[in-house]
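Descriptive analysis of the structure
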Amino acid sequence: FPLFLQVTCNCFTISNGEMQDVGVGLYPSMSLLNHSCDPNCVIVFEGYQLLLRSVREIQIGEELTISYIESLMPTSERQKQLMRQYCFECDCLLCQNQEKDAEKLAGEEHAWKEVKDAVNEVRYPRSKEEWEQVLARCRNLLSSNMGHLPDTNIYQLKMLDCAMDACINLESWEEALYYGSRTLGPYRLYYPGFHPLRAVQLMRVGKLQYSQDMFPQALETLKQASIAYNIMKVTHGTDHSLMQALMEIKQECEAIMRTQ
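Residues numbered from 1 in each chain as written. Predicted model: local features only at pLDDT ≥ 70, side-chain atom pairs only at ≥ 80, totals over all residues. Heavy atoms only, no water.

With an unreviewed UniProt entry as reference, the chain is termed [histone H3]-lysine(4) N-trimethyltransferase, source organism Oceanodroma tethys. Taken directly from UniProt, the Catalytic activity (unreviewed entry) text for the chain runs: "L-lysyl(4)-[histone H3] + 3 S-adenosyl-L-methionine = N(6),N(6),N(6)-trimethyl-L-lysyl(4)-[histone H3] + 3 S-adenosyl-L-homocysteine + 3 H(+)". (UniProt positions renumbered as here; feature names shortened; annotations may be inferred.)

Focus: the nonpolar core
By size, the foremost hydrophobic cluster in this structure holds 34 residues, and its most contacted members are Leu135, Met159 and Tyr179. Of all the secondary structure elements, the ones that give two or more residues to this core are helix H5 (109-121), helix H6 (128-144), helix H7 (154-169), helix H8 (173-190) and helix H9 (196-211). Tallying contributions element by element places H7 first for this core, with ten residues. Of the residues that make up this core, three or more belong to each of domain 2 (102-189) and domain 3 (191-259). (Core = buried A, V, L, I, M, F, W, Y, C linked by side-chain atoms within 4.5 Å. Buried < 20%, exposed > 50% of the residue type's maximum accessible area, 1.4 Å probe, protein only. Helix = DSSP H or I, 4+ residues; strand = E, 2+ residues; numbered from the N terminus. Domains from an automatic or database assignment.)

Considerations on the pattern of salt bridges
Scanning all chains against the criterion turns up eight salt bridges. Taking the shortest distance from any N to any O, the salt bridge between Glu77 and Lys116 comes out at 2.8 Å. You can see Glu77 sitting in helix H2 (residues 75-86) and its partner Lys116 sitting in helix H5, a full 39 residues away along the chain. Look at Lys116 and you get partly exposed, because its relative accessible area is 22%. The salt bridge involving Arg182 is made with Asp151; its shortest N-O contact spans 2.9 Å. In this pair, Arg182 is assigned in helix H8 and Asp151 in the loop between H6 and H7, connecting sequence segments 31 residues apart. (Salt bridge = Lys/Arg side-chain N within 4 Å of Asp/Glu carboxyl O.)

Here is the structure:
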């Protein structure tokens, strides 16, 4: 039991190139890093190799911090999860100021609570039929809450991400692009600067535009590859497989634009 608790408190969630969870691992030296809800570093993976990257300028003598939890939660939920899993309260500036909590819970409370419950019920589908059920639920809630919830509401945003994933798995590219495009504004709000999740989302939307021969739009999105490229160059490094994939599709898009 003590070993189980030590693993629970010190393990890292291993993610793939699109920042989706695929497993857990123990990295003892990285377990020494302390938590902040507004960290100056992020962890990314290349296979099973853990990489620590800065996401903003770090002053001499400044402590390196990472976030132990998903940051896309209001302050009260972050505090509950940290206490439940790690047994401490966070007193970072983001928690003290409760910054962006109003935007995260914007809209009608009964509506976002319904969406929150639906998002929490979703388990990763393993068949086409299960993906179709997830998409049907997403469509229904997104439609019924039109005008009641802005896309900046974090549960609405998670529902849009869920709908996008369902469409991608069902090869409904046009609808996936519709949902993905709606996420870019909120991602810019919640993941400013050099955050890898924002870069990955820009790349996913750009790939969807590219797949539908929307080359000018794809090039524009991938050039936030003047944003996405610089973000990923900082967070992932120039040799990361995701960086190479981004540059390949960007170059293909530029080549097609030159021939038109």
